[in-house]
Amino acid sequence: TQGGGARKLVGPIPLDLYVIDLGGGLTGVSDRSRRVTSDQVASLPFKALLEGMIYVGTRMQGPRPVDLAGFFSVMREQMLAPGTAAERFGDRSYAVISDTYLNFSSRIGYHYSALDSYCGDSVNKNYITFSFKGGAADDVRRNRRARCIAAIFRALELSVEVREDRVDARYYKYEQSLIQEKLEAIGRMLQFTRQMDMLMSSEHSVETLARCFLDGNYDLHRCAADDNTGNVS
């Protein structure tokens, strides 16, 4: 077995993701199965997050646009960083779930995110906490991406703090439907902002890319072009 009962999630998600069910988080899965699909997820918070992560608009845009200055920044940073690329890219992601609970930890490339949420009938118990840190580019670009994510969260009415390249967000004591709505948006945001640090070529990028996401424009080729011309579509 994988990791003491962990099952690999198979589907259109760019993660090596394993699911650990504490009870009621999965349905229609045999005890012998080591794999699970998104259709077999019954956990309310995890299902909402996955809906955002597999949203067609965020994953059908083709290869990510490349800003050459950002690309060389990434190469320079990784040549100087300790450890190897294989060590970083080999990390697994995990979702520990129940019918109403989710603890999600993910490492995609060089950035790390952690989400903890309860999504049930009791408003006073419901919450989301989220942290994001890291990136492959230099400190300036990583900070710009952090502030872009923070701008998205503020527009979604989450409480946010930014420190260097780290974002911490909170959302407490809201009804179940609103918790699910925010988790779905976080799923889309995770897909939209992956590798984005390479695109953060100017201060204007912070506002431009946040606005693209909030307007439902997930085409980073177009967003990057808007940033270069100073337009916001």
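Residues numbered from 1 in each chain as written. Predicted model: local features only at pLDDT ≥ 70, side-chain atom pairs only at ≥ 80, totals over all residues. Heavy atoms only, no water.

## Some details on the overall build of the protein
So the rule is basically this: A run of DSSP states H or I qualifies as a helix once it reaches four residues; a run of E qualifies as a strand once it reaches two. Both are numbered from the N-terminal end. We call a residue buried when its accessible area falls under 20% of the maximum for its residue type, exposed when it is over 50%, and partly exposed in between, using a 1.4 Å probe and counting protein chains only. In what follows, a contact means two residues having at least one pair of non-hydrogen atoms within 4.5 Å. For the area figures, the Shrake-Rupley method with a 1.4 Å probe applies, and any residue is considered shielded solely by the protein chains shown.
In terms of regular secondary structure, the protein is built from eight helices and nine strands. Per-residue burial over the protein gives 47% buried out of 233 residues. Residue pairs at least 24 apart in sequence account for 61% of intrachain contacts in the protein once pairs closer than 6 positions are excluded. Carbon and sulfur atoms make up 50% of the accessible area of the protein, which amounts to about 11,000 Å² in all.

## A look at the pattern of salt bridges
Put simply, the rule reads: Each reported salt bridge corresponds to a side-chain nitrogen of Lys or Arg within 4 Å of a carboxyl oxygen of Asp or Glu.
Within the structure shown, the criterion is met by 15 salt bridges. The salt bridge partner of E161 is R163, with a shortest N-O separation of 3.2 Å. Between E181 and K182 there is a salt bridge, with its nearest N and O atoms 3.6 Å apart. E181 gets classed as partly exposed once you look at its relative accessible area, which sits at 44%. Accessibility expressed as a relative area gives 6% for K182, which makes it buried. Among the charged side chains, a network of salt bridges with common partners joins E161, R163, R166, D168 and R170.

## Brief notes about the nonpolar core
Put simply, the rule is: Here the nonpolar core consists of buried residues drawn from Ala, Val, Leu, Ile, Met, Phe, Trp, Tyr and Cys, with membership extended through side-chain atoms lying within 4.5 Å.
In terms of nonpolar packing, the biggest core is built from 52 residues, with F46, F104, F153 and I186 touching the most fellow members. Per-element tally for this core: the top contributor is helix α6 (residues 176-193), with seven residues. Not counting chain neighbours up to four residues away, the residues in contact with F104 comprise L15, L17, L49, M53, Y94, A95, S113, A114, L115 and L190.

## A few points about the pairing of strand β1 (residues 7-10)
The condition that has to hold: Pairs of strands are assigned from DSSP output, requiring at least two bridges between the strands.
With two bridges joining them, β1 and strand β2 (residues 17-21) adopt antiparallel strand pairing. Paired with K8 across the bridge in β2 is Y18. Between β1 and β2, which pair antiparallel one after the other, the connecting turn spans six residues, and G11 there sits at a positive phi close to 155 degrees. Alignment of β1 against strand β3 (residues 35-37), held across three bridges, turns out to be parallel. Directly across from L9, in β3, lies its bridge partner V36.

## Focus: the state of the cysteines
Inclusion rule: Counting rule for disulfides: a pair of cysteine sulfur atoms within 2.5 Å.
Counted under the stated rule, the structure contains one disulfide. With no disulfide of its own, C148 has C212 as its nearest cysteine by sulfur position, at a separation of 8.9 Å.

## Some remarks on the packing of aromatic side chains
The way to describe two aromatic rings as a pair is by their centre distance and the angle between their planes. The test is simple: Think of it this way: a Phe, Tyr or Trp ring, Trp meaning its six-membered ring, pairs with another when their centres are within 6.5 Å, and the plane angle makes it stacked under 30 degrees, edge-to-face over 60, tilted otherwise. Ring-over charges, as used throughout, are those where CZ of Arg or NZ of Lys falls within 6 Å of the ring centre and within 35 degrees of the ring normal.
The final tally for this structure, using the stated rule, is eight aromatic pairs. Centre to centre, the rings of Y171 and Y174 are 4.0 Å apart; their planes meet at 10 degrees, and the pair counts as stacked. A relative accessible area of 2% places Y171 in the buried class. According to the relative accessible area criterion, Y174 is partly exposed, its value standing at 34%. Directly above the ring of Y18 sits R92, whose terminal nitrogen or CZ lies 4.3 Å from the centroid.

## With respect to the confidence of the model for the protein
As a general rule, the predicted coordinates of low-pLDDT regions are not to be interpreted in detail. Convention followed: Confidence scores here are pLDDT values: one per residue, from the predictor, ranging 0 to 100.
Looking at the protein as a whole, its pLDDT mean stands at 83, while 78% of the residues score no less than 70. Contacts for the low-pLDDT stretch residues 60-90, under 50 throughout, to residues beyond four places or in other chains number 49 contacts.

## Section: the packing of α6 against helix α7 (residues 204-214)
We count it as follows: To get an axis, a line is fitted to the C-alpha atoms, and for a helix only the part in contact is used. The angle between two axes follows their N-to-C directions and goes from 0 to 180 degrees. In what follows, roughly perpendicular refers to angles from 65 to 115 degrees, roughly parallel to angles under 35, roughly antiparallel to angles over 145, and oblique to any angle outside these ranges. Left-handed is the label given to a crossing in which the near helix is rotated counterclockwise from the far helix by less than a right angle, and right-handed is the label when the rotation is clockwise.
Two elements in contact, α6 and α7, have axes separated by 11 Å at closest approach and are oriented at 135 degrees. Considering their axes alone, α6 and α7 lie oblique with respect to each other. Taken as a pair, α6 and α7 cross one another with a handedness that is right-handed. Across the interface between the two elements, A185, R188, M189 and F192 of α6 pack against L209, C212 and F213 of α7.

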